[in-house]
Amino acid sequence: MPTLGVLLSGRGSNFRAIAGAIDAGKLDTEIAVVISNRENAPAIEHARERGLNAIVLPSKNLEREAYDRLVVAELRRNRVDLVILAGYMRILSGYFLREFPLRILNIHPSLLPAFPGLDAQHQAIAHGVKFSGCTVHFVDEGLDSGPIVAQAVVPVLDADTAETLAARILVEEHRIYPQAIALVLSGSYRIEGRRVLAADARG
Ligand code: GRF
């Protein structure tokens, strides 16, 4: 069975949604390891309560690639097939990307390519868009820029703050991330340029 390695830095609600989907039999995989680069990430405690292998690898004061070599070694040791970024607040080095080509997924709280980077929900409100949402994408060398696997749309309401919009988007994140992971694990897709297409879609 292909396995997941989850990288995170904080709250870990997406991690919980993924673990819940596995427990519910909706996602046929195992989480081989959960790695946090921050010592105080609440998700680590939660992962351990679930009986998962959860470790903290502090990234502070380490150069990007030196740190990524530690992470990749841990992923390899745990025989991880697919890397899941779930609120992981670090940019990956070229080394990491080359070690897992098209084997790293991220979720971002906007409809990419709109509003990449930090505070995407705040960016959406400030820009005045009427709809926003979330995007699951393969990770490449750019910022939130790889081929898109799944997206979900939510309305932006007049009364919204960045916080209320983030909460509405998060519900969709928890729904589409497990689905996107299931698709990638199934291998039933192909990539044409930037497009991730169902394997049986006509070319
Ligand atoms: C989510 O909004 C996700 O889209 C972004 O970081 C946040 C992580 O939240 N990449 P959580 O730690 O999964 O609760």
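Predicted model, so just to flag it, every value in this text is computed and none were measured.

*Asks:* Just to check I follow, could you spell out the packing of aromatic side chains for this structure?
*Replies:* Aromatic ring pairs are reported here in terms of the distance separating the ring centres and the angle at which the planes meet. The final tally for this structure, using the stated rule, is two aromatic pairs. Here Phe 96 and Phe 100 contribute two aromatic rings whose centre-to-centre distance is 6.0 Å and whose plane-to-plane angle is 55°, an arrangement assigned as tilted. Under the relative-accessibility criterion, Phe 96 is labelled buried at 0%. Ring centres of Phe 138 and Tyr 189 lie 5.9 Å apart, and the angle between their planes is 35°; on these two criteria the pair is classed as tilted. With Phe 138 in strand β6 (residues 131-138) and Tyr 189 in strand β8 (residues 189-192), this pair connects stretches of sequence that are 51 residues apart. Exposure class is identical for Phe 138 and Tyr 189. Each is buried. If you follow Arg 69 out to its NZ or CZ, it ends over the ring of Tyr 95, 4.0 Å from the centre. Taking the ring centre of Phe 100 as reference, the NZ or CZ of Arg 76 above it sits at 4.3 Å.

*Asks:* Got a minute to help me understand the pairing of strand β9 (residues 195-198) in this structure?
*Replies:* It is a general feature of regular strands that their side chains alternate between the two faces of the sheet. As judged from the four bridges shared by β8 and β9, these two strands associate in the antiparallel manner. In the strand pairing of β9, Glu 192 is matched with Arg 195. Between the end of β8 and the start of β9, which pair antiparallel, lie two residues, with Gly 193 showing a positive phi angle near 60°.

*Asks:* What should I look at first to understand the environment of Ile 148 in this one?
*Replies:* Along the polypeptide, Ile 148 turns up in strand β7 (residues 148-155). Between the alpha carbons of Ile 148 and Phe 138 there is a distance of 6.5 Å; along the sequence they are ten residues apart. When neighbours within four sequence positions are excluded, Ile 148 is seen to be in contact with Leu 112, Thr 135, Val 136, His 137, Arg 194 and Val 196.

*Asks:* Help me understand the site of the ligand, please; the structure alone is not making it clear to me.
*Replies:* Taken together, Arg 11, Gly 12, Ser 13, Asn 14, Gly 87, Ile 107, His 108, Pro 109 and Glu 173 make up the full set of residues adjacent to the ligand. A distance of 2.5 Å separates an oxygen atom of the ligand from a polar side-chain atom of Ser 13. With respect to the ligand, the side chain of Glu 173 contributes an N or O atom lying 2.8 Å from an oxygen atom. Contributions of two or more residues to the shell around the ligand are made by α1 (13-23) and β5 (104-108). Split by domain, the residues of the shell around the ligand number at least three in each of domain 1 (1-101) and domain 2 (106-203).

*Asks:* Would you take a moment to explain helix α6 (residues 162-186) for this structure?
*Replies:* For an α-helix, 3.6 residues make a turn, and residues three or four places apart therefore share a direction. Compared with the 36 Å implied by 1.5 Å per residue over 25 residues, the 35 Å span of α6 between its first and last C-alpha is a close match. What α6 keeps buried is the set Leu 165, Ile 169, Leu 170, Glu 172, Glu 173, Ile 176, Tyr 177, Pro 178, Ala 180, Ile 181, Val 184 and Leu 185. Positive phi shows up at Gly 187, right after α6, with a value of about 75°.

*Asks:* Help me understand the side chain of Asn 14 in this model?
*Replies:* As for its position among the elements, Asn 14 is in helix α1. Its relative accessible area of 8% is what places Asn 14 among the buried residues. Not counting residues within four places of it along the chain, the set of residues in contact with Asn 14 comprises Ala 86, Ile 107, Leu 170, Glu 173, His 174 and Tyr 177.

*Asks:* What is the right way to look at the domain arrangement of the protein in this model?
*Replies:* It is common to give the size of an interface as the accessible area that goes away when the parts come together. Taken domain by domain, the protein consists of domain 1 (1-101) and domain 2 (106-203). Summed over both partners, the interface of domain 1 with domain 2 buries about 1400 Å², with 78% contributed by carbon and sulfur atoms. If you list the elements that add at least two residues to the side of domain 1 that touches domain 2, you get α1 and β4 (82-85). Counted by class, the side of domain 1 that touches domain 2 contains 13 nonpolar, three polar and one charged residues.

Scoring rules and cut-offs
- Residues numbered from 1 in each chain as written.
- Predicted model: local features only at pLDDT ≥ 70, side-chain atom pairs only at ≥ 80, totals over all residues.
- Heavy atoms only, no water.
- Phe/Tyr/Trp six-rings, centres within 6.5 Å; stacked < 30°, edge-to-face > 60°.
- Buried < 20%, exposed > 50% of the residue type's maximum accessible area, 1.4 Å probe, protein only.
- Helix = DSSP H or I, 4+ residues; strand = E, 2+ residues; numbered from the N terminus.
- Lys NZ or Arg CZ within 6 Å of the ring centre and 35° of its normal.
- Pairing = 2+ DSSP bridges.
- Contact = heavy atoms within 4.5 Å.
- Near = heavy atom within 4 Å.
- Polar contact = N/O pair within 3.5 Å; in protein donor to acceptor, adjacent residues only side chain to side chain.
- Domains from an automatic or database assignment.
- Expected span 1.5 Å × (residues − 1).
- Buried area = accessible area lost by both parts, 1.4 Å probe.
- Nonpolar A, V, L, I, M, F, W, Y, C, P; charged D, E, K, R; others polar.

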